[in-house]
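The lines below spell out each chain.
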Amino acid sequence: MAFVMPVFVRVIPLFIGFFALFNLIDGFVNKTFRFPAPLIFIVGILFYIIHVISVFYSDDFDTAWFDISVKLSFLVFPLVFLFQNPILLTQKKKILMSFVYGSIVSSIIMLVLAFLKYEELGSAAFYYVELALFHPSYMAMYFVFSIIILVDFLEKSGKKILQNWPYILAILFLLFMISLLQSKAGIISGILIALFYLLVAVWKKRKKLMVMGALILIISTTLIFVQQNNRLVSMVESVEKASEDQKTEDSTGLRISIWKITLEELKDHWLTGVGGGDIKPVLKSKYEETGLNKASVQNLNVHNQYLETFLGQGIFGFILLLTLLVLGLREAYLRQDVLSAAFIVLVAFSLFPESMFNSQMGVIFISFFYYFLFIYREKTLVSESKNMENQKE
């Protein structure tokens, strides 16, 4: 399933069904049910439940039900991972690497398709939406996480950095693909992760992490200037205009205008929110009032998951979302797990410019790896695996 995620995202629900069925059957047969991270599990389930509750005070009942069906992974994965399948732990590295392989395969597919479209589109075939298999922001987030996985494996390999040249080549290739996708969120999150690595490296005196953080930071910033990324330039200009209250309808300027409208709406709906089904109708009426024609025609969402959750499910949904992130960061700190901590940093940032939970591309990725990384306890599962082997003997 992890391999398919960056390649054929539309078939993922089918894989989730098979995965859940396999895990549940194995759990009942081998009695692997455990409750290893109760707080994370409870908060995660409550986060989904509060979305279900918001259905019943939404005027647009059908949209609200569709919304919780999209978010169903937030219920499925914590329940499935309660069955602590020892086999999955022994394959944990392979599962993570299969996601990396999927990212590389999807990159190759994109480049092949771009070459085929070159005669029709010219160089535009190699950039942004014309290049991406699906939304560039989501693809870039997948690629950044693949880089996080590769850096973690490289650091733990026990070999010198240059002896891990396949990992380094893969990291450089994925950084190049992120620059071609021209996702502002992807580029900034890559730089943010590099800075996070440097901070941890200085704090914990980890030389390999220092080198990889510096490499990612240098390559990422170099690609920005070499490519002369017009989308980043436009973003800076939009922020400047927005700070002067000038109206602009490019992507960044539009986001800032939508966020301002959402904050105004929250003054009246801060406690329970408007309900999962009524977010877009409420926003659309405000778009029309304020003259945001592009946002109204495209019926845009908040483009910020924190504000989207706040507007939809109120203060309780917002607090639960923040709690999930804080608990993940706390668990990563307790385990001294840089990979998991970097994942939380990536997700926390990615939720800022996009409403990631409105699409299965965001929901499945975040929920699967969140619960895979934090509910599964490696020490417990290793002992479980050994016990099963001894019983077979």
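Calculation rules
- All chains use their own residue numbering, which begins from 1 and follows the written sequence.
- The predicted origin of the model limits local features to residues at a pLDDT of at least 70 and limits the giving and counting of side-chain atom pairs to 80 or more, whereas totals for whole chains, interfaces and linings rest on all residues.
- No hydrogens and no water enter the side-chain calculation; it runs on all heavy atoms of the structure.
- Numbering goes from the N terminus for both helices and strands, where a helix is a DSSP run of H or I of at least four residues and a strand is a run of E of at least two.
- We call two residues in contact whenever any of their non-hydrogen atoms come within 4.5 Å of each other.
- Method for areas: the Shrake-Rupley scheme with a 1.4 Å probe, in which residue coverage is limited to the protein chains shown.
- Burial classes follow relative accessibility: with a 1.4 Å probe on protein chains only, a residue under 20% of its type's maximum area counts as buried, one over 50% as exposed, and anything between as partly exposed.
- Working definition: rings of Phe, Tyr and Trp (its six-membered ring) pair if their centres are within 6.5 Å, and the pair is stacked with planes under 30 degrees apart, edge-to-face with planes over 60 apart, and tilted otherwise.
- Look at NZ for Lys and CZ for Arg. If either is within 6 Å of the ring centre and within 35 degrees of the ring normal, a charge sits over the ring.
- To define a nonpolar core, start from buried Ala, Val, Leu, Ile, Met, Phe, Trp, Tyr and Cys residues and group those joined through side-chain atoms within 4.5 Å.
- Each residue carries a pLDDT score, the predictor's own confidence in it, on a scale running from 0 to 100.
- All axes here are fitted lines through C-alpha atoms, helices being fitted over the stretch that makes contact, and every angle between N-to-C directions spans 0 to 180 degrees.
- Each angle gets one of four labels, with under 35 degrees taken as roughly parallel, over 145 as roughly antiparallel, 65 to 115 as roughly perpendicular, and the rest as oblique.
- In this scheme the crossing of two helices becomes right-handed for a clockwise turn of the near helix relative to the far one and left-handed for an anticlockwise turn of less than a right angle.
- Basically, the charged four are Asp, Glu, Lys and Arg, the nonpolar ten are Ala, Val, Leu, Ile, Met, Phe, Trp, Tyr, Cys and Pro, and anything else, Gly included, counts as polar.
- Both cavities and pockets are sets of points on a 1 Å grid over the protein atoms alone; in a cavity a 1.4 Å probe fits but cannot get out, in a pocket the set is open with protein on both sides within 12 Å along at least five of seven lines, and lining residues sit with an atom within 4 Å of a point.
- Grid points are joined across faces, edges and corners, and a volume is the space filled by probe spheres set on the points.
- Patch rule: a residue counts if its relative accessible area is over 30% and it has no salt bridge; like charges are joined within 9 Å, and nonpolar side chains (Val, Leu, Ile, Met, Phe, Trp, Tyr) within 5 Å.
- By convention in these notes, a salt bridge is any Lys or Arg side-chain nitrogen within 4 Å of a carboxyl oxygen on Asp or Glu.
- Helix span, as expected, comes to 1.5 Å for every residue beyond the first.

Asker: In this structure, what is going on with the overall build of the protein? I would like to understand it.
Answerer: Counting its regular elements, the protein contains 19 helices and zero strands. When contacts within the protein are restricted to residue pairs at least 6 apart in sequence, those whose partners lie at least 24 apart make up 77%. Element-wise, carbon and sulfur atoms account for 66% of the exposed surface of the protein, whose accessible area totals about 18,400 Å².

Asker: How should unusual backbone geometry be read in this particular structure?
Answerer: The phi angle of most residues is negative, glycine excepted, and most peptide bonds adopt the trans form. Look at Lys205: it is not a glycine, yet its phi comes out positive at around 55°. Note that Lys205 resides in the loop between α10 (184-204) and α11 (207-227). Looking at Lys205, the relative accessible area reads 74%, which means it is exposed. One non-glycine residue, Gln336, lies in the positive phi region at around 55°. Note on placement: Gln336 falls in the loop between α16 (305-335) and α17 (338-350).

Asker: So what exactly am I meant to see when it comes to the packing of aromatic side chains here?
Answerer: For any pair of aromatic rings, the description rests on two quantities: the centre-to-centre distance and the angle between the ring planes. The full count for this structure, using the stated rule, is 31 aromatic pairs. Taken together, the aromatic side chains of Phe77, Phe81, Phe99, Phe134, Tyr142, Phe145, Phe343, Phe365, Phe368, Phe369 and Phe372 make up a single cluster linked through ring pairs. Positioned above the aromatic ring of Trp203 is the side chain of Lys204, whose terminal nitrogen or guanidinium carbon lies 4.4 Å from the ring centre.

Asker: How should the nonpolar core be read in this particular structure?
Answerer: In globular proteins that are soluble, nonpolar side chains generally tend to be buried together. Ranked by size, the top nonpolar core spans 124 residues in total, and within it Tyr142, Phe145, Tyr197, Phe343, Phe365 and Phe369 carry the most contacts. Here this core gets 15 residues from one element, more than from any other, and that element is helix α8 (residues 136-156). Aside from chain neighbours lying at most four places away, what touches Tyr197 is Ile148, Val151, Leu209, Gly213, Ile216, Val338 and Ala342.

Asker: Please explain the confidence of the model for the protein as it appears in this structure.
Answerer: Any segment with low pLDDT has predicted coordinates that should not be analysed in fine detail. The pLDDT averaged across the protein works out to 86; a share of 86% of its residues lies at or above 70. Counting interchain partners and residues more than four positions distant, the pLDDT-below-50 stretch residues 380-393 has twelve contacts.

Asker: When you look at the packing of helix α2 (residues 38-55) against α16 in this model, what are you seeing that I'm missing?
Answerer: Describing two packed helices takes the angle between their axes plus the distance from one axis to the other. At a minimum axis separation of 10 Å, α2 and α16 run at an interaxial angle of 165°. Judged by the inter-axis angle, α2 sits roughly antiparallel to α16. As for the relative orientation of α2 and α16, their crossing is left-handed in sense. On α16, the residues that touch Leu39, Ile40, Val43, Gly44, Leu46, Phe47, Ile50, His51 and Ser54 of α2 are Thr309, Gly312, Gln313, Phe316, Gly317, Leu320, Leu321, Thr323, Leu324, Leu327 and Glu331. Classifying every residue of the contact of α2 with α16 by side-chain character gives eleven nonpolar, eight polar and one charged.

Asker: Please explain the layout of surface pockets as it appears in this structure.
Answerer: One way to see where empty space is left: roll a probe the size of a water molecule over the atoms. The computed volume of the largest pocket comes to approximately 660 Å³. Mapped by element, the contributors of at least two residues to the lining of the largest pocket are α7 (128-131), α8, α10, α12 (230-243), α13 (251-269) and α15 (293-298). With seven residues, the single largest contributor to the lining of the largest pocket is α13.

Asker: Could you clarify how one ought to interpret a nonpolar patch on the surface in this entry?
Answerer: A surface patch of nonpolar side chains, about 500 Å² in accessible area, is lined by Phe8, Val11, Leu14, Phe15 and Phe18. Here Val11 is to be found in the segment before α1 (12-30).

Asker: How do you make sense of the pattern of salt bridges when you look at a structure like this?
Answerer: Pairing between side chains of opposite charge can happen when the charged atoms of each approach one another. A full pass over the atoms with the stated rule returns eight salt bridges. Arg206 serves as the salt-bridge partner of Glu155, at 2.8 Å between the closest nitrogen and oxygen. Placement of the pair is Glu155 in helix α8 and Arg206 in the loop between α10 and α11, with a sequence separation of 51 residues. When its relative accessible area of 16% is taken as the criterion, Glu155 is described as buried. Notably, a salt bridge pairs Lys286 with Glu289, separated by 3.6 Å at the nearest N-O pair. Here Glu289 and Lys286 lie together in helix α14 (residues 279-290), a separation of three residues that amounts to about one turn.

Asker: I tried to follow α14 on my own but got confused; where do I start?
Answerer: An α-helical segment advances 3.6 residues per turn. Residues three or four places apart therefore align on the same side. End to end, α14 covers 17 Å across twelve residues, agreeing with the expected 16 Å (1.5 Å per residue, within 8%). Trailing α14 by a residue or two, Gly291 shows a phi angle of about 80°, which is positive.

Asker: Explanation requested: the packing of α10 against α17 in the structure shown.
Answerer: Between α10 and α17, whose axes approach to 10 Å, the crossing angle comes to 145°. Crossing handedness for the pair α10 and α17: right-handed. Of the residues in α17, those in contact with Ala185, Ile188, Ser189, Leu192, Ile193, Phe196, Tyr197 and Val200 of α10 are Val338, Ala341, Ala342, Val345, Leu346 and Phe349.

Asker: Would you mind showing me how to read α13 here?
Answerer: Helix length check: α13, at 19 residues, gives a terminal C-alpha distance of 26 Å against a target of 27 Å (1.5 Å per residue), a fit within 8%. Every buried residue of α13 is accounted for by Thr252, Gly253, Leu254, Arg255, Ile256, Ser257, Ile258, Trp259, Ile261, Thr262, Glu265 and Leu266.

Asker: I'm lost on the environment of Gly277 in this one. Help?
Answerer: Tracing the backbone through its elements, the reader meets Gly277 in the loop between α13 and α14. Taking C-alpha positions, Gly277 is 7.5 Å from Trp65, a pair spaced 212 residues apart along the chain. Setting aside residues no more than four positions away along its own chain, Gly277 makes contact with Ser58, Asp60, Thr63 and Ala64.

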